[in-house]
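Structural features, examined
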Amino acid sequence: MKKLLIILALNLLFFNAFSQVHIKPEEIKDKMQWFGDAKLGIFIHAGIYSVEGVTESWSFYNKRISFEDYMKQAKGFTLKNYNPKAWADLIEESGAKYVVFTSKHHDGIAMYDTKINNQSIVKKTPAKRDMITPLFDELKNKNIKCGLYYSLLDWSHIDYPVFLNDSNRYEIENDYARWNKFRDFLHSQIVEILHKFNPDLWWFDGDWERSAEEWEAEKIRNIILKYNPNTIINGRLQGWGDYATPEQNIPVIRPKFNWWELCMTINESWGFQHKDLNFKSPYEIITIFVDVISNGGNLLLDFGPREDGSIPEESVHVLKELGAWNKKHEEAIFETVPGFPPGHFYGPSTISKDSTNLYLFLAGNPQNQITIRGLMSEIESISVLGSNNKVNFKILGKIDWSEVPGLVYIDATKENDIDKYMTVYKIKLKSPMKLYRGHGGFYID
Ligand code: GLC
């Protein structure tokens, strides 16, 4: 019974989450264009939590460390090896087209010189400087879009109701004046960030603690869009965002949203943690990335820099390997759309926007023939991206009086053409892709 109630409650939550979406895709499709084409973004969780390597903000909220000790980390945040130019070079090398940087996490410490309060790395740490401006300058030179993460909730703010997982400062219902004070702070900081950085994308977080009305989410959206109507807002604004943000896990079924983005860590932590050596391999990252794009999403891949501003070598390795693979296969990735719907090919695929070039992604060693089904358009050629060597294919089982297309059997490629992560076949079609989606002929009613 208890289990049933939990399932019902979850269903209700799920339903509510979708029934609350206020933004219509057709109204935002122009401004979402670059985002849909971008495919890869880099998420950066920088903060004082990297000093002791504790979980960003959650460690004091969940009482793994006292609030005082958490805040003391500020003394060790030096940024003495911070090199924004090298960061931007690495991000560009990875193939990413946008960045999302933590302007303020749930701990309330701004990573730039906020004038609204004293809670910033400029005022509280030996680094004494704004981390965002120099990075954004470098990224803009490279035409990489600049987004900012911003936590609506602020567990260290004296007027924010929630403090630790078992203690609140007050309840809003009992003290609206105090809540209004916090909300004024929140809205002023958003305006400050807007004027200072004019981010291409706002990545809100922490909206779950309050309702849209309490945050005045619609007003926040309007403030941002009035300043810059092209700004993109993620889906963590209680129904007032533009796109969905699943976290850490690939959706199993292709999401119905027009735009979505999987945010995922390279190891298991958003911020830098010395002890977390559980890094995903380039192969794992690349196969996940391909799964995401073949289902119409973007990957927002996160790393956490150290307190001195250096990037862990393991993350650098992954970003470089991913970048080399992206470069070799870029026409199959960027500015494409999802390829086959399920049923035509056992694997991920994308297609060019004009529907004439299909890309099949083959994990591991494609040493056998592969098959595609239900392809009505005629194939001009099949080649391997990288070498551009042709691959032979034949059509099996085509019956000339039936509309059902034959099976396409594609030969294995030469060993030299196999990519160490994922090999990509390009199928050039003679006309835009048409698919057969029927049951295959005779059957009994
Ligand atoms: C979660 C966590 C937060 C992290 C974010 C990134 O919402 O609260 O720590 O920054 O995910 O997606």
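Above this text is the structure in question.
All figures in this text were calculated on a predicted structure; none of them were measured in a lab. (Residues numbered from 1 in each chain as written. Predicted model: local features only at pLDDT ≥ 70, side-chain atom pairs only at ≥ 80, totals over all residues. Heavy atoms only, no water.)

Notes on the layout of surface pockets
Cut-off, in case you're wondering: Of the two site types, the cavity is a set of points on a 1 Å grid over the protein atoms alone where a 1.4 Å probe fits but cannot get out, and the pocket is an open set with protein on both sides within 12 Å along at least five of seven lines, each lined by residues with an atom within 4 Å of a point. Grid points are joined across faces, edges and corners, and a volume is the space filled by probe spheres set on the points. A run of H or I in DSSP counts as a helix once it spans at least four residues, and a run of E counts as a strand once it spans at least two, with each numbered from the N terminus. Under the convention adopted here, Pro, Cys and the residues Ala, Val, Leu, Ile, Met, Phe, Trp and Tyr are nonpolar, Asp, Glu, Lys and Arg are charged, and Gly plus all remaining residues are polar. Domain start and stop positions are those given by an automatic or database domain assignment.
In this structure, the second largest pocket occupies an estimated 360 Å³ of space. In terms of lining, the second largest pocket is formed by 22 residues, of which the most central are Gly-36, Asn-258, Trp-259, Gly-296 and Val-337. The element best represented in the lining of the second largest pocket is helix 3 (residues 33-38), accounting for four residues. Broken down by class, the residue content of the lining of the second largest pocket amounts to eight nonpolar, eight polar and six charged. Shared between two domains, the lining of the second largest pocket takes at least three residues from each, and those domains are domain 1 (2-328) and domain 2 (336-429).

Observations regarding the pairing of strand 6 (residues 201-205)
Stated formally: Throughout, exposure labels follow a simple rule: accessible area from a 1.4 Å probe, protein chains only, divided by the maximum for the residue type, with under 20% read as buried, over 50% as exposed, and the rest as partly exposed. Between any two strands, pairing holds if DSSP finds at least two bridges.
In terms of burial, strand 6 is a largely internal element, five of the five residues being buried. Every second residue of strand 6 is oriented toward a common face, with Leu-201, Trp-203 and Asp-205 on one face and Trp-202 and Phe-204 on the other, all of them buried. Sheet topology note: the strand 3 (residues 145-151)/strand 6 ladder contains five bridges and is parallel. Within the sheet, the bridge partner assigned to Tyr-149 lies in strand 6 and is Trp-203. Examined bridge by bridge, strand 6 and strand 7 (residues 232-233) share two bridges and lie parallel to one another. Bridging across to strand 7, Leu-201 finds its partner in Ile-232.

A look at the sheet that holds strand 15 (residues 393-396)
Condition: Throughout, an axis means a line fitted to C-alpha atoms (over the contacting stretch in the case of helices), and angles, computed between N-to-C directions, take values from 0 to 180 degrees.
Strand order in this open sheet of three strands is 13-16-15, and the pairing throughout is antiparallel. Here the strands that pair on one side only, and so sit at the sheet edges, are strand 13 (370-372) and strand 15. Strand-to-strand twist across the sheet, computed as the mean angle between neighbouring axes with direction ignored, equals 25°. Pairing analysis gives three bridges linking strand 13 to strand 16 (residues 407-410), with the strands arranged antiparallel. Bridge pairing in strand 16 links Ile-372 to Val-408.

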